[in-house]
Amino acid sequence: MRAIVAMDQAAEAAGITLAERPEPTPAINDVVVEVHASGFVPAEWEWPSTWVDRSGHDRAQAIIGHEFAGVVSSLGYGTTGLSLGQRVFGITDWHRDGTLAEYAAVEARNLAPLPGNVDFTVGASLPISGLTAWQGLFRHGRLQAGQSVLAHGAAGAVGSVVTQLAREFGAHVIGTGRAADRQAALDFGANEFLDLDHDDLEDIGGVDLVFDVIGGEIQRRSASIIRPGGTLVSVVGPVEARPVDGLAVDFVVESVPSQLVEIVDRVRDGRLRTHIGTVATLDDAILALNPTERRKGKTVIRVRP
């Protein structure tokens, strides 16, 4: 089968290639999925699991990508709850070969049904962005109606979902980004928009929850405006700054199929839109994953027409 593999850690995206790899076989409680579309997260180059296995040994030519939508093509011994030909989507284990390939082996427990009226491209754009937003807001951020949320990168793949979910659950959302992102953030439901290049973050006043996808100086400044009892949620590694009288949480997204169902149901009935930026074929994936301009939205590779 054809797959996109990482050849050189130092080169990151510049070191990937389209190669022939053996088709996977399903282990116990696995399924093999015929991949129709795969999303990609640029931060994958920074994940240790991209380059080493669970024992710390180097992974040779690992297949990248970890979110996808496709069709179940074979079942491993003992696998239950899924059937051949079923449309599914989800996340693969971080330490296993990924989804930028024609087939992927996945633990069945990591998959959720993909409704027939949700396109594979849309399905592939949802798992990491959707689950990150859901878990950050509700599990770690403990969002309640009436609270205020500062959503960094509100026009991005994760931030756009954060904005929409927070608004649905009754929060007042202040989105941030660059000036060019203003209209997109407002279209996704932000009540207000702050241009991080020109506006003063501290002028916002106090907020109950900060959802940080940036880190660094922006994170430190954001921590200072969190109200007593509020929360800073980060997806960019260990938190460098903590609220004076609040909680700071950094987390790695987990595969929770019941949450995937909640997310895709909202897409199906129009309550949630995913922000898809570049869509390319597997043949054009190397160029798509090495953009010459700033990425806007989720990059999705269509593995099959």
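For clarity, every value in this text was computed on a predicted model and none was experimentally measured.

Let's shift gears to the overall build of the chain. On a plain count of helices and strands, the chain comes out with 7 helices and 16 strands. In terms of overall dimensions, the chain has C-alpha extents of about 55 × 40 × 35 Å along its principal axes. Residue burial in the chain is summarised as follows: out of 305 residues, 53% are buried. Within the chain, contacts between residues at least 6 apart in sequence are counted, and of these 63% link residues at least 24 apart. By element, 49% of the accessible surface of the chain is carried by carbon and sulfur atoms, the whole surface being about 13100 Å². Computing the positive centroid from 26 side-chain charges and the negative centroid from 39, the chain places the two 4 Å apart.

On to helix α6 (residues 257-268). Compared with the 16 Å implied by 1.5 Å per residue over 12 residues, the 16 Å span of α6 between its first and last C-alpha is a close match. Every buried residue of α6 is accounted for by Q259, L260, I263, V264, R266 and V267. Buried positions in α6, seen along its axis, are confined to an arc of 150 degrees and lie on one side of it. Summarising the contacts, the buried residues of α6 are in contact with β6 (87-91), β8 (111-113), α1 (120-125), α2 (127-140) and α3 (157-168). Looking one or two places after α6, you find G270, whose phi comes out positive at around 90 degrees.

Each pocket or cavity is described by its volume, and for the largest pocket that value is around 1500 Å³. What lines the largest pocket is a set of 46 residues, and nearest its centre among them are V41, A43, V158, V213 and V236. Only α2, α3, β10 (172-177) and β16 (298-302) provide two or more residues apiece to the lining of the largest pocket. Of the residues that constitute the lining of the largest pocket, the class distribution is 24 nonpolar, 12 polar and 10 charged. The wall of the second largest pocket is formed by R54, I91, T92, D93, W94, E107, R109, N110, V252, V253, E254 and S255. Here the residues of the lining of the second largest pocket sort into 4 nonpolar, 3 polar and 5 charged.

About the cut-offs
Residues numbered from 1 in each chain as written. Predicted model: local features only at pLDDT ≥ 70, side-chain atom pairs only at ≥ 80, totals over all residues. Heavy atoms only, no water. Helix = DSSP H or I, 4+ residues; strand = E, 2+ residues; numbered from the N terminus. Buried < 20%, exposed > 50% of the residue type's maximum accessible area, 1.4 Å probe, protein only. Contact = heavy atoms within 4.5 Å. Areas by Shrake-Rupley, 256 points an atom, 1.4 Å probe, with all protein chains shown as cover. Lys, Arg positive; Asp, Glu negative; His and termini not counted. Charge placed at Lys NZ, Arg CZ, Asp CG, Glu CD. Expected span 1.5 Å × (residues − 1). Arc of directions from axis to C-beta. 1 Å grid on protein atoms, 1.4 Å probe; cavity = no way out; pocket = protein on both sides within 12 Å on 5 of 7 lines; lining within 4 Å. Points joined across faces, edges and corners; volume = space filled by probe spheres on them. Nonpolar A, V, L, I, M, F, W, Y, C, P; charged D, E, K, R; others polar.

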